[in-house]
Amino acid sequence: MAWRPAGLREKQQQSLHVSGKVAAVASRIAYYLGTFTNAKYQIISSNMLGLSGTKLACGEGGCGACTVMFSKYDHLQNKIVHFPANACLAPICSLHHVSVTTVEGIGSTKTRLHPVQERIAKSHGSQCGFCTPGIVMSMYMLLRNQPEPTMEEIEDALQGNLCRCTGYRPILQGFRTFARDGGCCGGKGDNPNCCMNQKKDQTVTLSPSLFNPEEFMPLDPTQEPIFPPELLVGDAPGREIHENFISSKMPGAALGIKDRPATSGFHFFPGIEMKFKNKLFPLIVCPAWIPELNSVEHGEEGISFGASCPLSCVEKTLLDAVAQLPTHKTEVFRGILEQLRWFSGKQLKSVASVGGNIITASPISDLNPVFMASGAKLTIVSRGTRRTIRMDHTFFPGYRKTLLGPEEILLAIEIPYSREGEFFSAFKQSSGREDYIPKVTSGMRVLFQPGTAQIKELALCYGGMADRTISALKTTRKQLTCVQAWQEELQLAPDAPGGMIEFRRTLTLSFFFKFYLTVLQKLGKVDSEDKCGKLDPTFASATLLFQKDPPTNVQLFQEVPKGQSEDDIVGRPLPHLGAAMQACGEAVYCDDIPHYQNELSLRLVTSTRAHAKIKSIDTSEAQKVQGFVCFLSVDDIPGSNKTGYFNDETVFAKDEVTCVGHIIGAVVTDTPEHAQRAAQAVKITYEDLPAIITIEDAIKHNSFYGSELKIEKGDLQKGFLEADNIVSGEFYIGGQEHFYLETHCTIAVPKGEAGEMELFVSTENTMKTQAFVANVLGVPANQILVRVKRLGGGFGGKETRSTLVSTAVALAVYKTGCPVRCMLDRDEDMLITGGRHPFLARYKVGFMKTGRIVALEVNHYSNAGNTLDLSEAVMQAALFHMESCYKIPNIRGTGRVCKTNLPSNTAFRGFGAPQAMLIAEQWMSEIAVTCGLPAEEVRRKNMYKEGDLTHFNQKLEGFTLTRCWDECLASSQYHARKSEIDKFNKENCWKKRGLCIVPTKFGINFAISFLNQAGALILVYTDGSVLLTHGGTEMGQGLHTKMVQVASRALKIPTSKIYISETSTNTVPNTSPTAASISTDLNGQAVYEACQTILKRLEPFKRKNPSGSWEDWVIAAYQDAVSLSATGFYKAPEVTYSFETNSGYLFNYFSYGVACSEVEIDCLTGDHKNLRTDIVMDVGSSLNPAIDIGQVEGAFVQGLGLFTLEELQYSPEGSLYTRGPSTYKIPTFGSIPIEFRVSLLRDSPNKKAIYASKAVGEPPLFLAASIFFAIKDAIHAARAQHKDYNRKELFRLDSPATQEKIRNACMDKFATMV
Ligand SMILES: Cc1cc2nc3c(=O)[nH]c(=O)nc-3n(C[C@H](O)[C@H](O)[C@H](O)COP(=O)(O)OP(=O)(O)OC[C@H]3O[C@@H](n4cnc5c(N)ncnc54)[C@H](O)[C@@H]3O)c2cc1C
Ligand code: FES
Ligand code: FES
């Protein structure tokens, strides 16, 4: 099927070739791409063709969810080339003469899964599945070009993809089966490291195998879709003019481009600028087919690249050159390759051009300092003129400016060979190692007089230290000493954009020191006389480039008891039931629902002020935007504008806004693109009011919700009097963005009679969505139907905040009578919907010399934002977990919920407990340091025992934590490794390692008693198939899969007979949110009860026909007019806890776990590597070990993000800076521990939950604190080495432990020089 956007002429249709299956698939690309072109191209949406595998999760090239394969016949190389691309960034004209393949094009559940799809599904690498199509395509792309990749190539191929659920390990393990150096031999080979060859425990059967690679289809490269033959014929597309794909910022008078723009090519920034800055470009020139701009020439002095060469081409050419040329000639090339290693993903490198990177003139470009330091030559042309210049400090005269004249274009760049005696290094430091947005970048070159230690030339160029790439000229010309230079040439104003002033300045020195050491080391190899001095061996590791070993992992779980029937699926690692569909792009998410006739788009209009009076709203310009239908404000609400859990929120702000992102109104138009333009055209004037942004501000102004919460036990005063030592301090934990890959989305459809409305929502809370929508419309709840198929991740972020979108969309339907859709863009989602609460703690702990704690007082403050939402419950949970796993006789914890002018924070996996427990481990680590005792000894000494009472007076029964602890200590070989680490630290001055083991204890229950209820509905049809519904939503956590397993065991029928379609308010009403880790416990029991009712009704028919089948009994019951539908209901034991008396029943039970982590830090840059993590987790008798291990790993990696990477940054005025993956860094494939070992505690049935299982969603998240404190341990070692620099034994390291904080905490001479 040929496809073309409406409005294109026949000729253009040919150039936009998309054929067969691929055509339909490409429609989503075009849809997204369409958002970057003029409105007249917004014609086609994916839904018109019914395929929607390619996902949109960020729109800025940062997540890889939209990865597709582009294939074209390359006329320069005379071959077909395939490369990955981010559909969200590619302009529509880039499809010219290009064949597009998306996830639906390679396999399907209806025909045959592609091996990549099969392996990610069966190896449990797809949870919510929203990232899966993009990951599948990245892997597919690699195999298309390299059918037998190495593990390193696999990791590289996935560098541009994000997943928020899985923790990446299962994906890597599944794909490892393709690797020539890591493929699983299925236990047949003699490799002892093969997952199938792990030793089995003698007493109980422990299985290391969550899937069987022997089941996998082999990869057969001959079966891949062929390249469309019609694109093979003819010459390279010429320089035709395509009036539809007009425009360019690129000056094109030269080469006739201005008059006859060439077709097809790739541009990024225009797309991003159009999307995020609302810019329109009249002409986009795509130079991909222009030979002069794409050639590669090996010359006398260097290699010359046409300016449009993609960075992947530069990388490949330089890699070949490094392999072939003498080492001394490739110093610069190796520097560039080092920068390109950390340059986003393959998708970007395959299409981003080297010329585009230069001319963009980004002050933080990581290639420009390298080009400048190397003395690269640029050839610049315009109509009739041509000049070649050396790229030096004059090339960037100002912010985002170059020396090019308006009529000039960059034709080529020549990267020079290095010479004998010349050395080159390149550095790039970001917030996280895999963060492609650097803080400081640098290229450094030195040339020695032949045979001497005399410097002939020196170049030190930096990015990130000014508004352009700069060269430290005075230093290199010896007009200044190094120290003067850093003080004068590399200054940064305290308010310089990007912040982190101290870190950035220290980095410039650290880089130089690394360069110096590297040169010394290289000279040592060539200069046998040691003219330049010898490198101190303990400094040698500082010169090593950041390198990660290939990942290894072990997952151990207890196999089902011998004798368990093969048909009984409980306890077996059944893959997530949606995984195969997710891998094929067939799984339907909210925005994948086909568009309705007359459907309209809604875009929220939000405040740009943190606290202000609304003076006026002017929609006159918005009304002029094409497709404008209406503007909605508070005046349009028929019901109540009051909303929220505590009725303290508004659907639309009236008169006053209380945060940036506060929803003021909404525009409704015909398309999302028009809605975006119209929303931006709404003019609002404000009168600013004083705003409170931080916790400190709130404390100062006494701005709190409610009164102080308090738990107190024992006699605190007496405790402190008894103590040998008292330590007090302050500790801050930053917030966290949920970053579910699927942003908030609602589609509402009028049903045409009696005000009925049907909503499809990405929500964890069908009940509140229904209630809030009914409330705003002023109708009874029975007219509002809320349906949820699946969520692309939730993590608590869609428990209440999804209603912000749903209420506005429902109102738009009410007003227009048309179906309305709204899916938030990533930046809107991050701005508006809040996240995890930042916490500040002021603590004081009293303890004996032995490390035994006798008294603890912690005052907790959380930043709740502008509405209460769930903040009080979050603070309560924090207080319940403030002692972590330790018995403290005298304790007082208080909590204040700060009211600020930030968007309301909300539920997030762990719900306050991770913050409280991190605070606990903070004072615990300080006790160990103060007493001079090993930290693990102090932790163990204070740990609870079976039967102890917690500080809220709950007796600990079935206390398995000590078992987890002892097993983890033993399996991680903690003590032996501790000695090895001490040795490593002695031998390495600038790299340090740290080790830490931490326990966790997590209470399971909603603290509000009535929420601990659930319902289920079971419908049995006459063919024996079962339709099951329960109150929980599926968001990747495998709830539906577990519920099918429960029903399968209860009914004794195979899982294939049971289907869950969705969660809806017309099947199971009044559901509690899918939250608190308790959904399996509650819904599982409700499902079980429903099954029992059915079984009871079938019993007479079974008795009558004992040898009959399930189907026989069902049909017999039907024919006997017996009801085959049943509901099930369950309520957990009542919560009676009271804060007033600090007594009563609170948690149903506790989940326990222990993790031990080892890290290595680079003291000069703040980089850290997660070397190894061992986890032992008690999940009771696991219902599904694959899903449970997936939850453990996913939660751990999310915690790793919370404690070490993810940092929300706000302006002093309360505006969020970090609004997408380019600025907010969640863990990537490269972030996870190189060695990742997870073991589920054996023989620990839990009598309090369904089939003896335990809750697992939230408890493991906190275990990532082991990484945080391992980092702190390593910093201790670094500070101990540099004793002279004002080091204190106890030092403050707030969370997250980012590179900046790690570097700044490693006190050394460089840190004191800036
Ligand atoms: C997700 C993401 C990650 C990134 N990571 C990094 C990173 O790690 N390090 C880094 O340095 N950069 C990074 N970038 C920036 C990226 O390198 C540049 O956006 C890219 O190289 C630009 O190439 P392009 O072909 O798309 O240029 P375009 O966007 O097409 O062009 C950029 C500008 O240059 C002009 N231009 C292009 N070619 C010419 C020419 N031949 N002559 C004259 N003018 C020309 C255009 O008119 C336009 O103004 C990243 C960008 C994204 C979106
Ligand atoms: S949606 Fe394209 S990279 Fe995120
Ligand atoms: S499975 Fe990867 S984001 Fe959910």
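Residues numbered from 1 in each chain as written. Chains lettered and ligands numbered in written order. Predicted model: local features only at pLDDT ≥ 70, side-chain atom pairs only at ≥ 80, totals over all residues. Heavy atoms only, no water.

- The name that an unreviewed UniProt entry assigns to the protein chain is FAD-binding PCMH-type domain-containing protein, with the source organism given as Equus asinus.
- Here is the UniProt Sequence similarities (unreviewed entry) comment for the protein chain, exactly as written: "Belongs to the xanthine dehydrogenase family." (UniProt positions renumbered as here; feature names shortened; annotations may be inferred.)

## Thoughts on the overall build of the protein chain
- Within the protein chain, the secondary structure is distributed over 37 helices and 40 strands.
- With 1314 residues in all, the protein chain has 65% of them scored as buried.
- Residue pairs at least 24 apart in sequence account for 77% of intrachain contacts in the protein chain once pairs closer than 6 positions are excluded.
- In the structure as shown, the protein chain presents an accessible area of about 46500 Å², 52% of it carried by carbon and sulfur atoms. (Helix = DSSP H or I, 4+ residues; strand = E, 2+ residues; numbered from the N terminus. Buried < 20%, exposed > 50% of the residue type's maximum accessible area, 1.4 Å probe, protein only. Contact = heavy atoms within 4.5 Å. Areas by Shrake-Rupley, 256 points an atom, 1.4 Å probe, with all protein chains shown as cover.)

## What to know about the sheet that holds strand β8 (residues 385-390)
- The 5 strands lie next to each other as β5-β6-β9-β7-β8, forming an open sheet whose pairing is antiparallel. Where the open sheet ends on each side, the last strands, each with one partner, are β5 (296-298) and β8. Taking the axes of each pair of neighbouring strands and ignoring which way they run, one obtains an average angle of 20° across the sheet.
- Across 3 bridges, the pairing between β5 and strand β6 (residues 302-306) is antiparallel. Residue pairing in the sheet places V296 in a bridge with F305 of β6. (Pairing = 2+ DSSP bridges. Axes fitted to C-alpha atoms, helices over the stretch in contact; angles between N-to-C directions.)

## Regarding the packing of aromatic side chains
- Following the criterion strictly, the structure yields 32 aromatic pairs and no others.
- Where F513 meets Y516, the ring centres are 6.4 Å apart and the plane angle is 25°; that geometry is what we call stacked. Pair noted here: F513 and Y516 are both in helix α17 (residues 501-526), with a separation of 3 residues, about one helical turn.
- On the basis of an interplanar angle of 70° and a centroid distance of 5.3 Å, the ring pair of F513 and W990 is categorised as edge-to-face. You can see F513 sitting in helix α17 and its partner W990 sitting in the loop between α30 (974-987) and β32 (991-1004), a full 477 residues away along the chain.
- Residue classification places F513 among the buried residues on the basis of a relative accessible area of 10%.
- Feature note: the residues F880, F952, F959, Y1137, F1139, F1147, F1150 and Y1152 constitute an aromatic cluster, connected by ring pairs.
- Over the ring of Y417 we find K329; its NZ or CZ atom is 4.4 Å from the centre of that ring. (Phe/Tyr/Trp six-rings, centres within 6.5 Å; stacked < 30°, edge-to-face > 60°. Lys NZ or Arg CZ within 6 Å of the ring centre and 35° of its normal.)

## Some details on the packing of helix α28 (residues 935-942) against helix α29 (residues 961-971)
- Packing of α28 against α29 leaves a shortest axis separation of 11 Å and a crossing angle of 160°. Viewed along their axes, α28 and α29 adopt a mutual orientation that is roughly antiparallel. Handedness of the crossing formed by α28 with α29: left-handed. Side by side, α28 and α29 meet where E936, R939 and R940 of the first sit next to T962, W965 and D966 of the second.
- Of the residues assigned to the contact of α28 with α29, the class counts are 1 nonpolar, 1 polar and 4 charged. (Parallel < 35°, antiparallel > 145°, perpendicular 65-115°, else oblique. Left-handed = near helix turned anticlockwise from the far one by under 90°. Nonpolar A, V, L, I, M, F, W, Y, C, P; charged D, E, K, R; others polar.)

## Observations regarding the pairing of strand β21 (residues 663-669)
- Most of β21 sits out of view: 7 of its 7 residues are buried.
- Where strand β17 (residues 628-632) lies against β21, 4 bridges are found, and the strand directions are antiparallel. Along β21, the bridge assignment pairs L632 with A666.

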